[in-house]
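Descriptive structure summary
What follows is the residue order along each chain.
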Amino acid sequence: MWQPIATAPFDRDLELAVIDRDGTHALVFPCRRVLTGWVRASTRDRVEVSPSHWREWDPQGKFIY
């Protein structure tokens, strides 16, 4: 189940969703919340997004609800 972005935990792989003029879209790679925003979990590169909600990332493609 999607959770409000304000409740996103730090230092865990998460699936993020963003809302834009075309609707809601989930990012296709796991991200981690850090003090300065969001980074790609695998590389630690900064991700310039304003996510609206999150859920647990499942590496097998089955999301944890």
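1. Re the pattern of salt bridges
Scanning all chains against the criterion turns up four salt bridges. Glu56 serves as the salt-bridge partner of Arg12, at 1.9 Å between the closest nitrogen and oxygen. One end of the pair, Arg12, is in the loop between strand 1 (3-4) and strand 2 (14-20); the other, Glu56, is in strand 6 (residues 53-56), with 44 residues separating them in the sequence. The partly exposed category is assigned to Arg12, whose relative accessible area is 35%. Between Arg55 and Glu15 there is a salt bridge whose closest N-O contact spans 2.5 Å. Here Arg55 is found in strand 6, whereas its partner Glu15 is found in strand 2, with 40 residues between them in sequence.

2. Focus: the nonpolar core
Nonpolar side chains in soluble globular proteins tend to be buried together. By size, the foremost hydrophobic cluster in this structure holds nine residues: Ala8, Leu14, Leu16, Leu27, Phe29, Cys31, Trp38, Val47 and Trp54. In contact with Val47, other than residues within four places in its own chain, are Leu27, Phe29, Cys31, Trp38, Val39 and Arg40.

3. Re the packing of aromatic side chains
Applying the stated criterion across every chain, the model contains zero aromatic pairs. Between the NZ or CZ atom of Arg40 and the centre of the ring of Phe29, over which it lies, the distance is 3.8 Å.

4. Topic: the environment of Ser50
Note on placement: Ser50 falls in the loop between strand 5 (37-40) and strand 6. A relative accessible area of 66% places Ser50 in the exposed class. Spatially, the C-alpha atom of Ser50 lies 12 Å from that of His25, the residues being 25 residues apart in sequence.

5. What about the confidence of the model for the protein?
Across the protein, pLDDT averages 90, with 92% of residues at or above 70. Mean pLDDT in the protein bottoms out at strand 3 (residues 23-26), which sits at 91, and peaks at strand 4 (residues 31-34), which reaches 97.

6. A few points about unusual backbone geometry
Despite not being glycine, Asp11 shows a phi value in the positive range, around 55°. With respect to the secondary-structure elements, Asp11 resides in the loop between strand 1 and strand 2. On the basis of relative accessibility, which here comes to 51%, the residue Asp11 falls in the exposed class. Of note in this structure, Arg44 is not a glycine but carries a positive phi near 70°.

Parameters at a glance
- Residues numbered from 1 in each chain as written.
- Predicted model: local features only at pLDDT ≥ 70, side-chain atom pairs only at ≥ 80, totals over all residues.
- Heavy atoms only, no water.
- Salt bridge = Lys/Arg side-chain N within 4 Å of Asp/Glu carboxyl O.
- Helix = DSSP H or I, 4+ residues; strand = E, 2+ residues; numbered from the N terminus.
- Buried < 20%, exposed > 50% of the residue type's maximum accessible area, 1.4 Å probe, protein only.
- Core = buried A, V, L, I, M, F, W, Y, C linked by side-chain atoms within 4.5 Å.
- Contact = heavy atoms within 4.5 Å.
- Phe/Tyr/Trp six-rings, centres within 6.5 Å; stacked < 30°, edge-to-face > 60°.
- Lys NZ or Arg CZ within 6 Å of the ring centre and 35° of its normal.
- pLDDT = per-residue confidence, 0-100.

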